[in-house]
Amino acid sequence: MDTITWHDFEKVALHAGTILEVADFPEARKPAYKVKVDFGPLGIKWSSAQITKHYSKEELTGRQILGVINFPEKQIANFKSQFLITGLADDNGDIVLAAIDKPVPNGSKLI
């Protein structure tokens with residue numbers, strides 16, 4: 001594993017946002033949702049997320065997530081993903097979301 005500096009870490013824009021909407025994404029190669037997230041003063045952004053194994057659309061709406069918002073947009077099928085929702089793989093390789101355990105303002109930066 002490469003060691004990074006604090007300055008390197010500060011370049012990653014990891015921010016809290018609240019999920020506003022979740023839609024099916026049948027065009028994706030692997031099962032995924034289209035997720036619309038409010039990052040407060042940083043805007044509303046969409047992402048594709050392979051989180052269908054552990055989460056229903058209904059339980060995701062209103063949930064806060066951590067997203068990397070300074071990656072370039074990524075074309076996934078007919079959709080442009082504007083940020084990366086963070087998570088970890090379980091024993092089966094299915095994604096479990098990184099969690100925020102108490103509410104924080106949308107747009108808050110991970111420090």
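Scroll up for the structure.
### Quick notes on the overall build of the protein chain
Item 1. Looking only at helices and strands, one finds two helices and nine strands in the protein chain.
Item 2. Secondary structure elements in the protein chain, listed N-terminal to C-terminal, are α-β-β-β-α-β-β-β-β-β-β.
Item 3. Structurally, the protein chain occupies a C-alpha span of about 40 × 30 × 30 Å along its principal axes.
Item 4. Burial status across the protein chain gives 33% buried among its 111 residues.
Item 5. Considering only contacts within the protein chain whose residues lie at least 6 apart along the sequence, 58% involve residues at least 24 apart.
Item 6. Counting every atom, the protein chain has about 7200 Å² of accessible surface; 55% of that belongs to carbon and sulfur.
Item 7. On the protein chain, the mean spot of the 13 positive side-chain charges and the mean spot of the 14 negative ones are 5 Å from each other.

### Description of the nonpolar core
Buried together is how nonpolar side chains tend to be arranged in soluble globular proteins.
Item 1. Formed by 16 residues in total, the largest nonpolar core has its most connected members in Leu-60 and Ile-65.
Item 2. Elements with a minimum of two residues in this core: β1 (14-24) and β2 (33-38).
Item 3. No other element matches β2, which puts three residues into this core.
Item 4. What Ile-65 contacts, discounting residues up to four positions off in sequence, is His-15, Ala-16, Gly-17, Ile-19, Val-37, Phe-39, Phe-83, Ile-85, Leu-97 and Ile-100.

### Remarks on the packing of aromatic side chains
Item 1. Under the criterion given, the structure shown has four aromatic pairs.
Item 2. Considering the side-chain rings of Trp-46 and Phe-79, the 6.3 Å spacing of their centres and the 85 degrees angle between planes classify their relative orientation as edge-to-face. With Trp-46 in strand β3 (residues 44-49) and Phe-79 in strand β6 (residues 79-81), the pair connects residues that are 33 residues apart, well separated along the chain.
Item 3. Each member of the aromatic cluster is reached from another via a ring pair, and the members are Phe-25, Trp-46 and Phe-79.

### Here's the deal with the sheet that holds strand β4 (residues 64-68)
Item 1. With antiparallel pairing, the five strands of this open sheet are ordered in space as β3-β2-β1-β4-β7. Either end of the sheet is taken by a strand with one partner, and the two such strands are β3 and β7 (84-85).
Item 2. With six bridges connecting them, β1 and β2 associate as antiparallel partners. Residue Thr-18 lies in a different strand from β2, and its bridge partner there is Asp-38.

### Description of the pairing of β1
Item 1. Looking at chain direction, β1 and β4 are connected through five bridges and run antiparallel. Across the sheet, the residue bridging to Gly-17 is Ile-65, located in β4.

### Re the side chain of Thr-18
Item 1. By secondary structure assignment, the location of Thr-18 is in strand β1.
Item 2. By relative accessible area, which is 16% here, Thr-18 ends up buried.
Item 3. A distance of 2.7 Å separates a polar atom in the side chain of Thr-18 from a polar atom in the side chain of Asn-106.

### A few points about the side chain of Gln-64
Item 1. Following the sequence through the fold, Gln-64 ends up in strand β4.
Item 2. Residue Gln-64 is classed as buried on the basis of its relative accessible area, which comes to 14%.
Item 3. Here Val-104 takes part through its backbone oxygen, which lies 2.6 Å from a polar atom of the side chain of Gln-64.
Item 4. Separated by 3.2 Å, the side chains of Gln-64 and Asn-106 make a polar contact.

### Remarks on the environment of Ala-28
Item 1. Structurally, Ala-28 can be placed in the loop between β1 and β2.
Item 2. Of the residues examined, Ala-28 reaches a relative accessible area of 14% and is grouped as buried.

Conventions and cut-offs
- Residues numbered from 1 in each chain as written.
- Predicted model: local features only at pLDDT ≥ 70, side-chain atom pairs only at ≥ 80, totals over all residues.
- Heavy atoms only, no water.
- Helix = DSSP H or I, 4+ residues; strand = E, 2+ residues; numbered from the N terminus.
- Buried < 20%, exposed > 50% of the residue type's maximum accessible area, 1.4 Å probe, protein only.
- Contact = heavy atoms within 4.5 Å.
- Areas by Shrake-Rupley, 256 points an atom, 1.4 Å probe, with all protein chains shown as cover.
- Lys, Arg positive; Asp, Glu negative; His and termini not counted.
- Charge placed at Lys NZ, Arg CZ, Asp CG, Glu CD.
- Core = buried A, V, L, I, M, F, W, Y, C linked by side-chain atoms within 4.5 Å.
- Phe/Tyr/Trp six-rings, centres within 6.5 Å; stacked < 30°, edge-to-face > 60°.
- Pairing = 2+ DSSP bridges.
- Polar contact = N/O pair within 3.5 Å; in protein donor to acceptor, adjacent residues only side chain to side chain.

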